[in-house]
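Okay, here's what each chain looks like letter by letter:
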Amino acid sequence: MRRKLAAGNWKMNGTGDSLAEIRALAAAHAAPTCEVLICPPATLIARMAASERGPIMVGGQDCHQNASGAHTGDISAGMLAHAGASHVILGHSERRADHGEDNALVRAKAEAALGAGLVAVICVGETEAERDAGQTLSVIGTQLAGSVPDEATASNTVIAYEPVWAIGTGRTPTLDQIAEVHDFMRGQLAERFDDAEGFRLLYGGSVKPSNAAEIFAVSNVDGALVGGASLKAADFGGIITALDAA
Ligand SMILES: O=C(CO)COP(=O)(O)O
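Because the structure is a prediction, the values reported are computed rather than measured.

Q: Looking at this structure, I do not really get the pairing of strand β8 (residues 223-226). What am I missing?
A: Consecutive side chains along a regular strand alternate between the two faces of the sheet. Of the two faces of β8, the one lined by Gly223 and Leu225 and the one lined by Ala224 and Val226 are each fully buried. Pairing between strand β1 (residues 5-9) and β8: four bridges, direction parallel. Following the sheet pairing, Gly8 is matched in β8 by Val226. Relative to β8, strand β7 (residues 200-204) is paired through two bridges, and the arrangement is parallel. The residue bridging Tyr203 from the neighbouring strand is Ala224, located in β8. For the crossover that starts at β7, traverses helix α9 (residues 209-216) and ends in the parallel β8, the hand is right-handed.

See below:
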């Protein structure tokens, strides 16, 4: 039985005031059935980790593939762990697009994350042009094969399917389309990993309290990676409630 995971990606949002949202979320969801993870900007990781956060876990949004060195502006996986993070998002489409991250780099970062004892939340997803061209499954297959390291296990790695065209747009795939990709991902993992059945597969892209329940009922959807709706405790709380009921 896979434990569900509600993960929030705050992206480049949040200052000290935002810690009140974590306190409110922890107060309202003191004992969720699902796991709850918030990935704030790096500037807030240590403060969030030290704040009243109940069962809420804290994660980073990226890490460097090296342990240390002359990499101005970068943060290593070990530093994230030292700051109190237990997870790190890797290969988000915004990193792939804004910073030219390819599958090999995402894989190297994931290896660094696992080596530092972090859980890697590895993101994959097709662009709208790729979907229109009928390439969705081949793109996802290539990203999984290239980005997920051989050391991945069901306990140290989570996969997030985030169609690029669904992120921040209010558009979501049909439930059948989500099921098709999630079933495919499960099958791809099964070709490489003995414990493939145990990997959590998250859906991400315009998840809201209003559509969460129907998405969580889809085959092989084990939770969500949430952007905009994770910034407010009330919105993310609605998603946690839907996941606990799923
Ligand atoms: O990119 C996402 C989470 O990583 C999804 O963002 P939205 O929930 O804002 O669409």
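Q: What is the right way to read empty space enclosed by the protein from this model?
A: Summary: where empty space remains is shown by rolling a probe the size of a single water molecule over the atoms. Inspection of every chain in the model, using the stated rule, returns one cavity of 30 Å³ or more. Trp10, Glu21, Ile22, Leu25, Ile38, Ser230, Leu231, Lys232, Ala233 and Phe236 together form the lining of the largest cavity. Examining the composition of the lining of the largest cavity, we find that three residues originate from one element, helix α1 (residues 19-28), more than from any other. A class-by-class count of the residues in the lining of the largest cavity yields seven nonpolar, one polar and two charged.

Q: Looking at this structure, I do not really get the environment of Ser210. What am I missing?
A: Positionally, Ser210 belongs in helix α9. Residue classification places Ser210 among the exposed residues on the basis of a relative accessible area of 69%. The spacing of Ser210 and Gly238 is 28 residues in sequence and 8.3 Å in space, taken between C-alpha atoms.

Q: Please clarify how the sheet that holds strand β4 (residues 87-90) should be interpreted in this entry.
A: Strands pair in a sheet through their backbones, by hydrogen bonds, and they do so in one of two ways: parallel or antiparallel. Spatially, the eight strands close up into a barrel ordered β1-β2-β3-β4-β5-β6-β7-β8, and their pairing is parallel. Neighbour to neighbour, the strand axes of the sheet diverge by 25° on average, direction disregarded. Both β4 and strand β5 (residues 119-124) contribute to a ladder of four bridges, which runs parallel. Across the sheet, residue Val88 finds its bridge partner in β5, namely Ala120. The sheet contacts of helix α8 (residues 175-192) involve β5, β6 (157-161) and β7, and relative to β7 the element is tilted by about 150°.

Q: For this particular structure, what's the right way to read the packing of helix α5 (residues 103-115) against helix α7 (residues 136-147)?
A: How two helices sit against one another is set out by the angle between their axes and by the gap between those axes. Running from N to C, α5 and α7 cross one another at 40°; their axes reach a closest spacing of 7 Å. Judged by the angle between their axes, α5 and α7 are oblique. The residues of α7 that touch α5, namely those facing Asn103, Ala104, Val106, Arg107 and Ala110, are Thr142, Gln143, Ala145, Gly146 and Ser147. Across the contact of α5 with α7, the residue classes tally to four nonpolar, five polar and one charged.

Q: Would you take a moment to explain the environment of Arg96 for this structure?
A: If you trace the backbone, Arg96 turns up in helix α4 (residues 93-98). Taking the relative accessible area as the measure of exposure, Arg96 reaches 15% and is therefore buried. Separated by 146 residues in the primary sequence, Arg96 and Ala242 have C-alpha atoms spaced 30 Å apart. In this structure, Arg96 is in contact with Gly91, Glu101, Asp102, Asn103, Val106, Cys123, Val124, Gln143 and Ser147, ignoring residues within four places of it in sequence.

Q: Would you mind going over the UniProt feature "active site" (unreviewed entry) in the chain with me for this structure?
A: Mapped onto this numbering, the UniProt entry gives "active site" (unreviewed entry) at His92 and Glu162. In summary, the annotated positions, though distributed over 71 residues, converge in three dimensions, the widest C-alpha pair being only 8.3 Å. Those annotated residues from the list above that line the largest pocket are His92. Examined against the element boundaries, His92 turns out to sit in the loop between β4 and α4. Given the relative accessible area of 4%, His92 is considered buried. Each residue touching His92, except ones within four places of it in the same chain, is listed here: Asn9, Lys11, Cys123, Glu162 and Ile167. If you trace the backbone, Glu162 turns up in the loop between β6 and α8. Setting aside its immediate chain neighbours within four residues, Glu162 contacts His92, Cys123, Val124, Gly125, Glu126, Ile167, Gly204, Gly205 and Leu225. Among the polar contacts listed, one links the side chain of Glu162 to the side chain of His92, at a separation of 3.0 Å.

Basis of the calculations
Residues numbered from 1 in each chain as written. Predicted model: local features only at pLDDT ≥ 70, side-chain atom pairs only at ≥ 80, totals over all residues. Heavy atoms only, no water. Buried < 20%, exposed > 50% of the residue type's maximum accessible area, 1.4 Å probe, protein only. Helix = DSSP H or I, 4+ residues; strand = E, 2+ residues; numbered from the N terminus. Pairing = 2+ DSSP bridges. Right-handed = clockwise from strand over helix to strand, strands pointing away. 1 Å grid on protein atoms, 1.4 Å probe; cavity = no way out; pocket = protein on both sides within 12 Å on 5 of 7 lines; lining within 4 Å. Points joined across faces, edges and corners; volume = space filled by probe spheres on them. Nonpolar A, V, L, I, M, F, W, Y, C, P; charged D, E, K, R; others polar. Axes fitted to C-alpha atoms, helices over the stretch in contact; angles between N-to-C directions. Contact = heavy atoms within 4.5 Å. Parallel < 35°, antiparallel > 145°, perpendicular 65-115°, else oblique. UniProt positions renumbered as here; feature names shortened; annotations may be inferred. Polar contact = N/O pair within 3.5 Å; in protein donor to acceptor, adjacent residues only side chain to side chain.

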